[in-house]
Amino acid sequence: MIIDLRSDTVTKPTKGMLDAMMTAEVGDDVFQEDPTVTALEERLTTMFGKDKALFFPSGSMANQIAIKLHTNPGEQVICDKYAHIYNYEVGGVAFHSGASCKLIDGNRGMFTAAQVKEAINPPEYYYSQSSLVEVENTTNKGGGACWDFEEFEKIKNVCKTHDLGFHIDGARIWNAMIAKNETALQYGNTFDTISVCLSKGLGCPVGSVLIGDEQIMKQSLSLRKLFGGNMRQVGYLAAAGLYALDHNIERLAEDHRKAKDIGNALEDMSIIKKVEPIETNIVIFELESHVDDSEFINQLAEQDIKIIGMGSNKLRMVTHMDYTNVMHERLLEVLNAF
Ligand SMILES: *Cc1c(COP(=O)(O)O)cnc(C)c1O
């Protein structure tokens, strides 16, 4: 039994999901003739109360195209120093959009409306024009932290006043909704564009969706083609997404509960200096400085437990659908015996 806690992307489709995929009605989505893709896009459009949704092969592509929709070359995206778009998308903001990032020194990947105001460049001709504010919920590098929704509303007002777009990277938006008892409509009302992943906590093999109103999404279809993200009978994957929306959202609470148990076990270990607050399914902890992180990772690997390092003697564990109760008991035993 291998216990893989490196990411919530390691899950494999369940029997029910595979059945839904196998029996999907499909067509050529480049001709916009795949009924299952259309059904998934319509479902999310309704859920978030927007005009349009577009299926993507990855969350990175959905984010990068959102940034391109909101910016012109030379302009600036305001985001946190922990942002996925800045750290883990290969400098795509510069490569694809010719834009730069103005980084906010936030708290666990989150910042305030006051910090946004400060980050906006003055209108003088020699500044880069601020055109987009980007946030992430839950924050990945911030350890699955959830924003206070009121702060989003405050930032939205700043965006309105200064004519800035407002995009949310919602790779784990479902975890935030479950943890904080929020609705998709709240997000739809607050953000101009929303990217969501089906391939993380929801357990799909592939799939992300970008959601927004007609006006901002106008170029999204041609940009997806430009990026090479067009796909043919992709309804097989959209079927997994529809299945996940029906079956796999509420159960995220279980992943969150297990993550808290893991955090409690880690707190009791003498070689661990600090466990970051656990709000969802991500556990980030720091080893005492005399403990070598790769050695600790190897010790767990010898017991068939896989986790990853984040640098600076910090490590990460992520709970997910394929992390069973039996695995959970075993992990807690191993940690308690350390
Ligand atoms: C995983 C992730 C993405 C997108 O990842 P892909 O692997 O490209 O699907 C975007 N943002 C965050 C915060 C993520 O965790």
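Quick word on the site of the ligand
Close to the ligand lie Ser58, Gly59, Ser60, Asn63, His84, Glu89, Glu136, Asn140, Asp169, Ala171, Arg172 and Lys200, which account for all nearby residues. One of the backbone nitrogen or oxygen atoms of glycine 59 is found 2.8 Å away from an oxygen atom of the ligand. Asparagine 140 is positioned with one of its side-chain polar atoms (N or O) 2.9 Å from an oxygen atom of the ligand. Calculation on the ligand without its partners gives an accessible area of 380 Å², and the protein chains cover 83% of this total. Sort the elements by how many residues they give to the shell around the ligand and helix α3 (residues 59-70) lands first, with 3 residues.

Quick word on the environment of aspartate 163
Tracing the chain through its elements places aspartate 163 in the loop between α7 (149-161) and β6 (165-170). Separated by 33 residues in the primary sequence, aspartate 163 and serine 130 place their C-alpha atoms 9.0 Å from one another.

Here we look at the packing of aromatic side chains
Evaluated as defined, the whole model comprises 13 aromatic pairs. Ring centres of phenylalanine 166 and phenylalanine 191 lie 4.3 Å apart, and the angle between their planes is 40°; this geometry places the pair in the tilted category. Separated by 25 residues along the polypeptide, phenylalanine 166 in strand β6 and phenylalanine 191 in the loop between α9 (184-190) and β7 (193-197) bring together distant segments of the chain. Among the aromatic residues, those joined into a cluster by ring pairs are Phe111, Trp147, Phe149, Phe152, Phe166, Tyr187 and Phe191. Positioned over the ring face of tyrosine 82 is lysine 81, at 4.9 Å from the centre of the ring. One residue, arginine 224, lies across the ring of phenylalanine 56, its end atom 6.0 Å from the ring centre.

Looking at the environment of valine 26
Tracing the chain through its elements places valine 26 in the loop between α1 (15-22) and α2 (35-48). Note: C-alpha distance between valine 26 and asparagine 325 (299 residues apart in sequence) is 36 Å. Residues in contact with valine 26, not counting those within four places in the same chain, are Asp34, Pro35, Gln233, Gly235 and Tyr236.

Overview of the sheet that holds strand β9 (residues 272-275)
Taken together, the 4 strands give an open sheet; going across it, the order is β9-β10-β13-β12, and neighbouring strands pair in antiparallel fashion. A strand with exactly one partner marks an edge of an open sheet, and here the two such strands are β9 and β12 (308-311). When strand polarity is set aside, the average angle formed by the axes of neighbouring strands in this sheet is 30°. Inspection of the sheet shows β12 paired to strand β13 (residues 314-318) by 3 bridges, in the antiparallel sense. Counted as the bridge partner of glycine 311 is lysine 314 from β13. Helix-sheet contacts for helix α14 (residues 293-302) involve β10 (282-287), β12 and β13, and the interaxial angle to β13 is about 30°.

Side note on the pairing of β9
Alignment of β9 against β10, held across 3 bridges, turns out to be antiparallel. Within β10, the position partnered with lysine 274 by the bridge is glutamate 286.

Reading the values: the criteria
Residues numbered from 1 in each chain as written. Predicted model: local features only at pLDDT ≥ 70, side-chain atom pairs only at ≥ 80, totals over all residues. Heavy atoms only, no water. Near = heavy atom within 4 Å. Polar contact = N/O pair within 3.5 Å; in protein donor to acceptor, adjacent residues only side chain to side chain. Areas by Shrake-Rupley, 256 points an atom, 1.4 Å probe, with all protein chains shown as cover. Helix = DSSP H or I, 4+ residues; strand = E, 2+ residues; numbered from the N terminus. Phe/Tyr/Trp six-rings, centres within 6.5 Å; stacked < 30°, edge-to-face > 60°. Lys NZ or Arg CZ within 6 Å of the ring centre and 35° of its normal. Contact = heavy atoms within 4.5 Å. Pairing = 2+ DSSP bridges. Axes fitted to C-alpha atoms, helices over the stretch in contact; angles between N-to-C directions.

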